[in-house]
Amino acid sequence: MKLKLTLAIGIIVITNLLTFAVVKLYFPTNINNTQYLLKMSGQGEKWKITNYQLAWLGVGEHGTAGSHNVAFLGEANELTGRVKVEVYDFFENGERPSATSSFDAEMFKDGPIKAGGGGFYPDKNLGIKDIERKTFMVVYWTTTDGQQHQETIQMKLDYDPQIISDI
């Protein structure tokens, strides 16, 4: 009898842990009843952007866009000068970037770089597909041979869009 009780408690604990893991993995972080945090990422041929954050403050209120990680997928020794990352969202600024960050190329030798953030995003009523379609980043860099390069990275939500649309 004691073995059956221990087994039943063990099964309950394991199923609860699995449920918790699935919820944390597949659902956006719900900060409270009216605040949400979404994360986006994107990858090009030479650059990868991860953990780009969108936070909405409340029902009908504007949100903020924030920090992200920038990684060079090639050999960091190929880079020279400055690397510039422009964030475009086409929500309020038209064709101007909503934020720009710049890094010394030497910094990429240590791996990905975390960029600060800030800026405003649209009302929460904008659809998930619109957010994905309208959010991209452009990376500008120079290689040691003196050539200047540019790559556009389309951002995608890190969550299953079907789950998000059900919120």
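Here the structure is a predicted model, which means the values were calculated and not measured. (Residues numbered from 1 in each chain as written. Predicted model: local features only at pLDDT ≥ 70, side-chain atom pairs only at ≥ 80, totals over all residues. Heavy atoms only, no water.)

Colleague: Lay out the overall build of the protein chain with the relevant residues and their values.
Modeller: A tally of helices and strands in the protein chain yields three helices and 12 strands. Taking all 167 residues of the protein chain together, 34% fall into the buried category. Nonlocal contacts in the protein chain, meaning residues at least 24 apart in sequence, comprise 59% of its contacts between residues at least 6 apart. On the protein chain, roughly 10200 Å² of surface is accessible, and the fraction owed to carbon and sulfur atoms is 55%. (Helix = DSSP H or I, 4+ residues; strand = E, 2+ residues; numbered from the N terminus. Buried < 20%, exposed > 50% of the residue type's maximum accessible area, 1.4 Å probe, protein only. Contact = heavy atoms within 4.5 Å. Areas by Shrake-Rupley, 256 points an atom, 1.4 Å probe, with all protein chains shown as cover.)

Colleague: Outline the sheet that holds strand β7 (residues 99-104), supporting the account with residue identities and numerical values.
Modeller: Strand order in this open sheet of four strands is β7-β6-β10-β11, and the pairing throughout is antiparallel. Every interior strand has two partners, whereas the edge strands, β7 and β11 (148-154), have only one. Each neighbouring strand pair of the sheet contributes to a mean axis angle of 15°, computed without reference to strand direction. Pairing geometry for strand β6 (residues 79-88) and strand β10 (residues 136-143), over seven bridges, is antiparallel. Each residue of the ladder has a partner; that of V85, found in β10, is V139. (Pairing = 2+ DSSP bridges. Axes fitted to C-alpha atoms, helices over the stretch in contact; angles between N-to-C directions.)

Colleague: Before we move on, can you summarise the pattern of salt bridges with the specific residues and values?
Modeller: Scanning the model with the defined rule gives three salt bridges in all. With a closest N to O distance of 3.3 Å, K84 and E86 form a salt bridge. In this structure K84 comes out as partly exposed when scored by relative accessible area, which is 32%. Close ionic contact of K109 with E106 constitutes a salt bridge, the shortest N to O distance being 3.1 Å. (Salt bridge = Lys/Arg side-chain N within 4 Å of Asp/Glu carboxyl O.)

Colleague: Which residues make up the nonpolar core, and what are the values?
Modeller: Residues W47, L79, V83 and F108 are the most contacted members of the largest nonpolar core, which totals 27 residues. Excluding anything up to four places from it in sequence, L79 contacts W47, F72, A105, F108, W141, T142 and T144. (Core = buried A, V, L, I, M, F, W, Y, C linked by side-chain atoms within 4.5 Å.)

Geometric values such as these leave the question of function open.
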